[in-house]
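Architecture at a glance
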Amino acid sequence: MKILIIEDELAIRETLQDMLELNGHTVIAAADGPTGAARAAEGPDLILCDIGLPGFDGYQVLTAVRQLPEGREVPFIFLTARADRSDQRRGMALGADDYITKPFTQRDILDAIAARVQRQKPLRERVEQLLVERRSEVSANWSHELMTPLNGVLGGLELIESEADTIQPGELKQLLALIRGGAERQHTLSRKLVLYFELEQAKAAPPLARPLRCDMTAIMTGANRAAEAAKRTADLTVRCDPGVVLLAEAYLVSAIAEVVGNAFRFSTPGQPVVVTGAHRGARYMIEISDQGPGMTAEERAGFGAFVQFGRVHREQQGLGLGLAIARSAAESGGGGLSLAEGAGGRGLRVIFDLPTA
Ligand code: CA
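Reference entry: report on the structure contained in this document. (Residues numbered from 1 in each chain as written. Predicted model: local features only at pLDDT ≥ 70, side-chain atom pairs only at ≥ 80, totals over all residues. Heavy atoms only, no water.)

Along its 12 residues, helix H12 (residues 321-332) runs 16 Å from first to last C-alpha, staying within 8% of the 16 Å computed at 1.5 Å per residue. Burial runs high along H12: 10 of the 12 residues are buried. Buried-residue contacts for H12 involve helix H7 (169-204), helix H9 (249-266), strand S11 (336-341) and strand S12 (348-355). Just downstream of H12, Gly 334 is the residue with a positive phi angle, here 75 degrees. (Helix = DSSP H or I, 4+ residues; strand = E, 2+ residues; numbered from the N terminus. Expected span 1.5 Å × (residues − 1). Buried < 20%, exposed > 50% of the residue type's maximum accessible area, 1.4 Å probe, protein only. Contact = heavy atoms within 4.5 Å.)

Listed below in structure tokens is the structure:
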């Protein structure tokens, strides 16, 4: 470790320096407050600081250090002959991590350093580990997808609980972002699953029990919702003939939003996503095409709620539920959904075939 010693008494400073260097540490030293505060910008891993110092005192050094970007989280230990409670409280309020009372032994110093390092290190390492785990989650398969968003939430909460008294603002923010990300993914996933099971039930219900008319402006609503979520409104083209189909409007909006959302997810910004709608006899056909990687014939033939496509492996946040929701929605209105290769063998076309009112 690189340790900064701020101590005006030469004998103590040199004793400390020898002791720390013998134990494998690198030492930088200062004999007064202003120099000490300046050397804190050199990025020490830990600071040992006397309270009674020329220039400014230890408290002022600590305040200055905590204002440096490099010094916000560095363990800071006071060396002091004055170890009464009010001194300690003042130091702790300013963000000191520990006190060592003079005269001290080598053991006192090494133990205090070890305690600080252990407190500091596991949290930082565990936060990093959580972030790494969180990144690897996105390539996990669907069965993990059902469970993993909560791991980030629970792991983050556990760290905050165990380190509640000492956690640094930067780490807290990082953990809160992790928790929010996991909670939002779980929320999205839960919403999709609820919708999927609701649609499966709707398919089984007698037709008269369902709301049966949906104006084709619903296509625009669903497509726009997905384009706005993907921040790709410029890439979206919608050309739909007016019409009314036999389907609950909320279901069609969700179905279109899922398919258009997938089309954006699998293509890159700048690539168009085209939605068309037209009558064909007593049917109304809606087609959504993208220029993404598409799906193989086998993948297209085998799609279902929990089938993992090659396509879904490339998806940032897995689970092939979107297409299954779209298919169930179409079927709930007595229609169907099919998949086809895009024009020129590129991308995917998703086709809704719905009975008109
Ligand atoms: Ca002194």
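Here the focus is the packing of H7 against H9. Taken N-terminus to C-terminus, the directions of H7 and H9 make an angle of 130 degrees; their axes are 12 Å apart at the nearest point. Overall, the two elements H7 and H9 adopt an arrangement that is oblique. Classified by chirality, the crossing of H9 by H7 is left-handed. Together, Lys 192, Leu 195, Glu 198, Leu 199 and Ala 202 of H7 and Tyr 251, Ser 254 and Glu 258 of H9 make up the contact between the two elements. Residues that form the contact of H7 with H9 fall into these classes: four nonpolar, one polar and three charged. (Axes fitted to C-alpha atoms, helices over the stretch in contact; angles between N-to-C directions. Parallel < 35°, antiparallel > 145°, perpendicular 65-115°, else oblique. Left-handed = near helix turned anticlockwise from the far one by under 90°. Nonpolar A, V, L, I, M, F, W, Y, C, P; charged D, E, K, R; others polar.)

Here we come to the side chain of Arg 232. Tracing the backbone through its elements, the reader meets Arg 232 in the loop between helix H8 (217-230) and strand S7 (236-240). A relative accessible area of 5% places Arg 232 in the buried class. In this structure the side chain of Arg 232 is engaged in a polar contact, spanning 3.1 Å, whose partner is the backbone oxygen of Phe 264. The contacts of Arg 232, once residues within four sequence positions are left out, are Ala 227, Phe 264, Ser 267, Thr 268, Pro 269, Gly 270 and Gln 271. (Polar contact = N/O pair within 3.5 Å; in protein donor to acceptor, adjacent residues only side chain to side chain.)

What follows deals with unusual backbone geometry. For the peptide bond that leads from Lys 102 to Pro 103, omega is -5 degrees, which places it in the cis range. Looking at where Pro 103 falls in the secondary structure, it is placed in the loop between strand S5 (98-101) and helix H5 (106-137). Positive phi values are uncommon outside glycine, yet Lys 231 reaches one of about 55 degrees. Locating Lys 231 in the fold gives a position in the loop between H8 and S7.

On their own, these measurements won't tell you what the molecule is for.
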